[in-house]
There are 2 protein chains.
Amino acid sequence: MEAIEELEIQPCASSLYLRPFRLCYRQNGSKKAWDFMRTHDSVSILIFNTSRQCFVVVKQFRPAVYMCEVERHCPRVFQNQDRENLGHLEDPLPAVAGVTYELCAGIVDKPGLSIEETACEEISEECGYNVPAADLRKITSYRSGVGLTGSRHTLFYAEVTDQMKTGEGGGQPEEGELIEVVEIPLEESMKFAFDESIPKTPGVILGVMWFQNNIAPNLPKK
Amino acid sequence: MEAIEELEIQPCASSLYLRPFRLCYRQNGSKKAWDFMRTHDSVSILIFNTSRQCFVVVKQFRPAVYMCEVERHCPRVFQNQDRENLGHLEDPLPAVAGVTYELCAGIVDKPGLSIEETACEEISEECGYNVPAADLRKITSYRSGVGLTGSRHTLFYAEVTDQMKTGEGGGQPEEGELIEVVEIPLEESMKFAFDESIPKTPGVILGVMWFQNNIAPNLPKK
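Residues numbered from 1 in each chain as written. Chains lettered and ligands numbered in written order. Predicted model: local features only at pLDDT ≥ 70, side-chain atom pairs only at ≥ 80, totals over all residues. Heavy atoms only, no water.

### Focus: the overall build of chain A
Then, in step 1: For chain A, the helix and strand inventory stands at 4 helices and 11 strands.
Then, in step 2: Principal-axis analysis of the C-alpha atoms gives chain A an extent of 60 × 50 × 35 Å.
Then, in step 3: In chain A, buried positions account for 52% of the 222 residues.
Then, in step 4: Within chain A, contacts between residues at least 6 apart in sequence are counted, and of these 67% link residues at least 24 apart.
Then, in step 5: Carbon and sulfur atoms make up 48% of the accessible area of chain A, which amounts to about 10,400 Å² in all. (Helix = DSSP H or I, 4+ residues; strand = E, 2+ residues; numbered from the N terminus. Buried < 20%, exposed > 50% of the residue type's maximum accessible area, 1.4 Å probe, protein only. Contact = heavy atoms within 4.5 Å. Areas by Shrake-Rupley, 256 points an atom, 1.4 Å probe, with all protein chains shown as cover.)

### Considering the sheet that holds strand β6 (residues 87–88) of chain B
Then, in step 1: Spatially, the 4 strands line up as an open sheet ordered β3(A)-β2(A)-β1(B)-β6(B), and their pairing is antiparallel. The sheet terminates laterally at β3 (30–38) of chain A together with β6 of chain B, the two strands that pair on one side only.
Then, in step 2: When strand β1 (residues 4–11) of chain B meets β6(B), the two strands line up antiparallel, connected through 2 bridges. Looking across to β6(B), one finds that E8(B) is bridged to H88(B). (Pairing = 2+ DSSP bridges.)

### Side note on the pattern of salt bridges
Then, in step 1: Under the criterion given, the structure shown has 26 salt bridges over all chains.
Then, in step 2: R22(A) is the salt-bridge partner of D35(A), the closest N and O atoms lying 2.5 Å from each other. Of this pair, D35(A) sits in strand β3 while R22(A) sits in strand β2 (residues 19–27), and the two are 13 residues apart along the sequence.
Then, in step 3: In this structure R22(A) comes out as partly exposed when scored by relative accessible area, which is 22%.
Then, in step 4: Between R52(B) and D162(B) there is a salt bridge, with the nearest N and O atoms lying 2.7 Å from each other. Of the two residues, R52(B) sits in the loop between β4 (42–49) and β5 (54–61) while D162(B) sits in the loop between β10 (152–160) and β11 (180–185), which places them 110 residues apart along the sequence.
Then, in step 5: Taking relative accessible area as the criterion, D162(B) reaches 29% and is therefore assigned partly exposed.
Then, in step 6: Taken together, the shared-partner salt bridges connect D41(A), R143(A), E69(B) and R72(B) into one network. (Salt bridge = Lys/Arg side-chain N within 4 Å of Asp/Glu carboxyl O.)

### Re helix α1 (residues 63–73) of chain A
Along an α-helix, a turn takes 3.6 residues, which lines up residues three or four apart on a common side.
Then, in step 1: Burial runs high along α1(A): 9 of the 11 residues are buried.
Then, in step 2: Every buried residue of α1(A) is accounted for by P63(A), A64(A), V65(A), Y66(A), M67(A), C68(A), E69(A), V70(A) and E71(A).

### Here's the deal with the side chain of E102(A)
Residues and elements named next belong to chain A.
Then, in step 1: As for its placement among the helices and strands, E102 is situated in strand β7 (residues 99–102).
Then, in step 2: On the basis of relative accessible area, E102 is assigned to the buried category, the value being 4%.
Then, in step 3: Side-chain polar atoms of E102 contact the side chain of Q60, separated by 3.4 Å.
Then, in step 4: Side chain to side chain, E102 and R62 meet in a polar contact 2.8 Å long. (Polar contact = N/O pair within 3.5 Å; in protein donor to acceptor, adjacent residues only side chain to side chain.)

### Some points on the interface of chain B and chain A
Then, in step 1: Counting residues at the interface gives 77 residues for chain B and 77 residues for chain A.
Then, in step 2: With both chains or domains summed, chain B and chain A bury close to 7,300 Å², and 59% of this area falls on carbon and sulfur atoms.
Then, in step 3: Scanning the region where chain B abuts chain A turns up 12 salt bridges.
Then, in step 4: A salt bridge links R38(B) to E71(A), with the shortest nitrogen-to-oxygen separation between them at 2.5 Å.
Then, in step 5: Among the elements that take part in the side of chain B that touches chain A, helix α1 (residues 63–73) of chain B stands out by supplying 9 residues, more than any other.
Then, in step 6: Among the residues forming the side of chain B that touches chain A, the class breakdown is 40 nonpolar, 16 polar and 21 charged. (Buried area = accessible area lost by both parts, 1.4 Å probe. Nonpolar A, V, L, I, M, F, W, Y, C, P; charged D, E, K, R; others polar.)

### Brief notes about the environment of P202(A)
Then, in step 1: Position of P202(A) among the secondary structure elements: in helix α4 (residues 202–214).
Then, in step 2: What P202(A) contacts, discounting residues up to four positions off in sequence, is Y142(B), R143(B) and L206(B).

### Describing the sheet that holds strand β3 (residues 30–38) of chain B
Then, in step 1: If you walk across this open sheet you meet the 4 strands as β6(A)-β1(A)-β2(B)-β3(B), and the pairing is antiparallel. Of all strands in the sheet, those bounded by a partner on one side alone are β6 (87–88) of chain A together with β3 of chain B.
Then, in step 2: The pairing of strand β2 (residues 19–27) of chain B with β3(B) spans 9 bridges and is classified as antiparallel. Opposite Y25(B), over in β3(B), you have K32(B) as the bridge partner.

### Observations regarding the relation of the copies chain B and chain A
Then, in step 1: For the pair chain B and chain A, the best superposition has an RMSD of 0.0 Å and corresponds to a rotation of 180 degrees with a translation of 0.0 Å parallel to the axis. The two molecules are tied by a two-fold rotation axis, judged by turn and shift. Every residue of chain B has its C-alpha some distance from the rotation axis, and the shortest such distance is that of L206(B), at 2.7 Å.
Then, in step 2: Mapped onto chain A, 100% of the interface residues of chain B are again interface residues, and the two copies thus contact each other with one and the same surface. (Least-squares fit on C-alpha atoms with pLDDT ≥ 70 in both.)

### Regarding the environment of L136(B)
Residues and elements named next belong to chain B.
Then, in step 1: With respect to the helices and strands, the residue L136 is situated in the loop between α2 (115–127) and β9 (137–143).
Then, in step 2: The buried category is assigned to L136, whose relative accessible area is 12%.
Then, in step 3: The residues contacting L136, other than those within four sequence positions of it, are I45, E116, A119, C120, I123, V131, F156, Y157 and A158.

### Thoughts on the nonpolar core
Then, in step 1: By size, the foremost hydrophobic cluster in this structure holds 48 residues, and its most contacted members are F211(A) and F211(B).
Then, in step 2: Residues contacting F211(B), with those up to four places away along its chain left out, are L46(B), F48(B), F55(B), Y157(B), L186(B), A216(B), P217(B) and L219(B).
Then, in step 3: Counting 19 residues, the second-largest nonpolar core is a separate cluster that includes V43(A), I47(A), V56(A) and V58(A). (Core = buried A, V, L, I, M, F, W, Y, C linked by side-chain atoms within 4.5 Å.)

### Let's talk about the packing of α4(A) against helix α4 (residues 202–214) of chain B
For any two helices packed against each other, one specifies the crossing angle of their axes together with the interaxial distance.
Then, in step 1: Running from N to C, α4(A) and α4(B) cross one another at 40 degrees; their axes reach a closest spacing of 10 Å. Our classification of the angle between α4(A) and α4(B) gives oblique. Viewed along their axes, α4(A) and α4(B) form a crossing whose handedness is left-handed. Contacts from P202(A), I205(A), L206(A), M209(A), W210(A) and N213(A) in α4(A) reach P202(B), I205(B), L206(B), M209(B), W210(B) and N213(B) in α4(B).
Then, in step 2: Counted by class, the contact of α4(A) with α4(B) contains 10 nonpolar, 2 polar and no charged residues. (Axes fitted to C-alpha atoms, helices over the stretch in contact; angles between N-to-C directions. Parallel < 35°, antiparallel > 145°, perpendicular 65-115°, else oblique. Left-handed = near helix turned anticlockwise from the far one by under 90°.)

Written out as structure tokens, the structure is:
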């Protein structure tokens, strides 16, 4: 995953993926305008493997995270932003600066699939486990990126066993996904969740804490 | 806050706030490109008022959240997205559809201010309490919006008393902020955190759970 080469920053005048709009309105009498990105709802799944008493999470290279670290390291990197070609990154940071630990997740964009079915498809594609939609437990839902995107994100819990493993996971290479499946042993999970040296999403922390409060007390004693 | 009128969606060809870029790279031999938004690091603060045994959070109208709900309700609302003027929203949803509960928060964009000082400024501006930077406790940090923005978000904990209240809060009207300060009684906070009918950010849920695990056990008994 971490062989990242030929890095080049470009301006992005139009994008298939970034869909900006502006909402103009009057609030309590004052005229306002707010720029936002149209986006999709999404799901993520806290996966716990009971055979091996570990969480199953994913790890991937995130260009947006990487570029935040590049800018922290080299604050002038975007200064040529008006030029047609910002050009190659000289002396780039190691790719690991942009690798984050995340829950298995995906966007809700297939007509006809429920959010539970979408979640199960992601579990299979990214982590290689076959989980029936009826076996998912909803933890809660929340709003992510309220300033920019604001879509609804639903967080599920899924218990799996080694017997439910049907593939390697790793995402869909034809869609450019390159995902590494990582197991976090239960006894190390709270330390992992709060270890800031390991970059991760808030969903990982929220999920592990929820598990400690709601599932761990009822686990069979070893 | 909820008097929102004259809603109009516009295309957004260029924005002072949305700064899109594209990163091109080669990963394990495959050429890839990823569009992302340049953004700032940010902070949020879980505020607990010990005088009144309640959390202090903020509530505001979020255009991005509102438009997600409008599109859920009216899937064709963005279909004129190539027209110069998407025009007025007919029969708009009530503004409350776009109001979310959030931790007191802000972006880190003032040179010379530490992230702790930035957090204290936000506590004062949004919630009206004067908290010394040295009294903040860092809970953890994480990566938000890893697909799109990926900046580092640091979550703090601050204890306040009624005596530390120096103003009304409410944000900076000259910057267009209109923020309502809301108190969540401790005994209702876990129910609040997991009540999906109350739209909120993951930081609220994460913060309240962290408090239950780390602070609540040491509170003096009533």
